[in-house]
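A closer look at the structure
Residues per chain are reported as follows:
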Amino acid sequence: MRVLVTGYAGQLGWDTVRQLEARGIECRGVDMQDFDLTDGQAVKNYVQEFRPSVIVHCAAYTGVDKAESQPEICAAVNGMGTVNVVRAALSVGAKLVFISTDYVFPGTGDKPYQVDDPYGPQNVYGMSKVQGEDAVRSLMTRYFILRTSWVFGKNGHNFVRTMLRLGAEKKEIRVVNDQIGSPTYTQDLARVICDMIITDKYGIYHVRNEGFLSWYDFAKMIMEKAGLPCRVIPVPSSEYPTPAKRPLNSRLDGSKLAESGFTPMPTVENALDRYLEEIKDEIHA
């Protein structure tokens, strides 16, 4: 097996390559300097040179607010860029893992979204990910679409790092308490990816750490576990208007994972404990 991982400079791409290497699976991580996702011929040339049996497509335009003023660029990367990766995968007979998001749903109500619930993106980024999913589903049969939410990992900026910085600088902070979802540790998500690619259990999965909570709840958990005295004050999303509309309901039903025979994801609390241990040197630097 030979695996190509796009978006290697990001949190998930980096952890996926680490996990593959730990399992002794031949792999290569690539990023923007290797080829432009929007250049179909460049993507195809690179893939045909490396000839992977699996492509894990983590690369994406992820600036959710910036996308509102750059819809064409976002669509070119997440939509057409995914089409280019799909075509390249088909040209060498490779399986594909496509990383998607809870933003493909409307984000309303309070019930967890099922894998077959209808789309209803509320912002440009979410729409671009629907375009990516559509490309995968319409052109391929050997694919895994993994929708996830609120990711955090060692190789990049994320909510946990922001809270640790603010918690060390301030006596109190205000965090929204009406957006509910599941933080996801990229190390755990990478493990699931590596478990999946050696199977033929294709389809759409929701993969996030177990447990639903608000950003406020998560911020409190971070402060408590890091031993920071910073007070966290709950506020509504209306206090922090953003260019892109954020879903209030980011709950994803993850039951298909265990039903398909894969090891369930650990709890959010367990994931946070292990992440804080992983980055403890930089916390205490």
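Throughout, a residue's number is its position along its own chain's written sequence, starting from 1. With the structure being a predicted model, the display of local features is reserved for residues of pLDDT at least 70 and the display and counting of side-chain atom pairs for 80 or more, all residues being used for whole-chain, interface and lining totals. The side-chain figures draw on all heavy atoms in the structure; neither hydrogens nor water molecules are used.

The protein is annotated in an unreviewed UniProt entry as dTDP-4-dehydrorhamnose reductase of Aristaeella lactis.

Axis angle and axis distance: for two packed helices, these are the angle between their axes and the distance between the axes, and together they describe the pair. Interhelical geometry of helix α3 (residues 71–92) versus helix α4 (residues 124–139) gives an angle of 15 degrees and a closest axis separation of 9 Å. The angle between α3 and α4 falls in the class roughly parallel. Classified by chirality, the crossing of α4 by α3 is right-handed. Residues Pro71, Cys74, Ala75, Asn78, Gly79, Thr82, Val83, Val86 and Leu90 of α3 lie in contact with α4, whose contacting residues are Val124, Tyr125, Ser128, Lys129, Gln131, Gly132, Ala135, Val136 and Leu139. Basically, the charged four are Asp, Glu, Lys and Arg, the nonpolar ten are Ala, Val, Leu, Ile, Met, Phe, Trp, Tyr, Cys and Pro, and anything else, Gly included, counts as polar. Of the residues contributing to the contact of α3 with α4, the split by class is eleven nonpolar, six polar and one charged. Lines are fitted to the C-alpha atoms to define the axes, a helix being fitted only along its stretch in contact, and any angle between axes, read from their N-to-C directions, falls within 0 to 180 degrees. Secondary structure is summarised from DSSP: a helix means a run of H or I of at least four residues, a strand means a run of E of at least two, and numbering begins at the N terminus for each. Note that the term roughly parallel is reserved for angles under 35 degrees, roughly antiparallel for angles over 145, roughly perpendicular for angles of 65 to 115, and oblique for everything else. Crossing handedness is read from the near helix: turned anticlockwise from the far helix by less than a right angle, it gives a left-handed crossing, and turned clockwise, a right-handed one. The contact definition used throughout considers only heavy atoms, calling two residues in contact when any of these lie within 4.5 Å.

Three or more residues of helix α2 (residues 40–50) are buried, namely Val43, Tyr46, Val47 and Phe50. All buried residues of α2 lie within an arc of 95 degrees about the axis, which places them on one face of the element. Lining the buried residues of α2 we find β1 (2–6), β2 (26–30), β3 (54–57) and α3. A positive backbone phi angle near 50 degrees is found at arginine 51, which sits one or two residues after α2. The cut-offs for exposure are 20% and 50% of the maximum accessible area for each residue type, with area from a 1.4 Å probe on protein chains only; residues under the lower value are buried, those over the upper are exposed, and the others partly exposed. This arc is taken over the directions from the axis of the helix to the C-beta atoms.

To continue, consider the sheet that holds β3. In this description, strands pair whenever DSSP reports at least two bridges between them. The strand order across the open sheet formed by six strands is β2-β1-β3-β4-β5-β10, and the pairing between neighbours is parallel. In the strand order of this sheet, the two ends are held by β2 and β10 (203–206), each with one partner. Averaged over all pairs of adjacent strands, the angle between their axes in this sheet comes to 15 degrees, without regard to strand direction. Sheet analysis places strand β4 (residues 95–101) next to strand β5 (residues 143–148), joined by six bridges and oriented parallel. Bridge pairing in β5 places valine 97 opposite phenylalanine 144. Each of β1, β2, β3 and β4 touches helix α1 (residues 11–22); the most contacted strand, β1, lies at about 165 degrees to it.

This brings us to the packing of α1 against helix α6 (residues 186–196). Running from amino to carboxyl end, α1 crosses α6 at an angle of 55 degrees, the nearest separation of the two axes being 8 Å. When the axes of α1 and α6 are compared, the pair comes out oblique. Judged by the twist between their axes, the crossing of α1 over α6 is right-handed. In this structure, α1 uses Gln11, Leu12, Asp15, Thr16, Arg18, Gln19 and Leu20 to contact α6, whose residues at the interface are Thr186, Gln187, Leu189, Ala190, Arg191, Ile193 and Cys194. The class makeup of the residues in the contact of α1 with α6 is six nonpolar, five polar and three charged.

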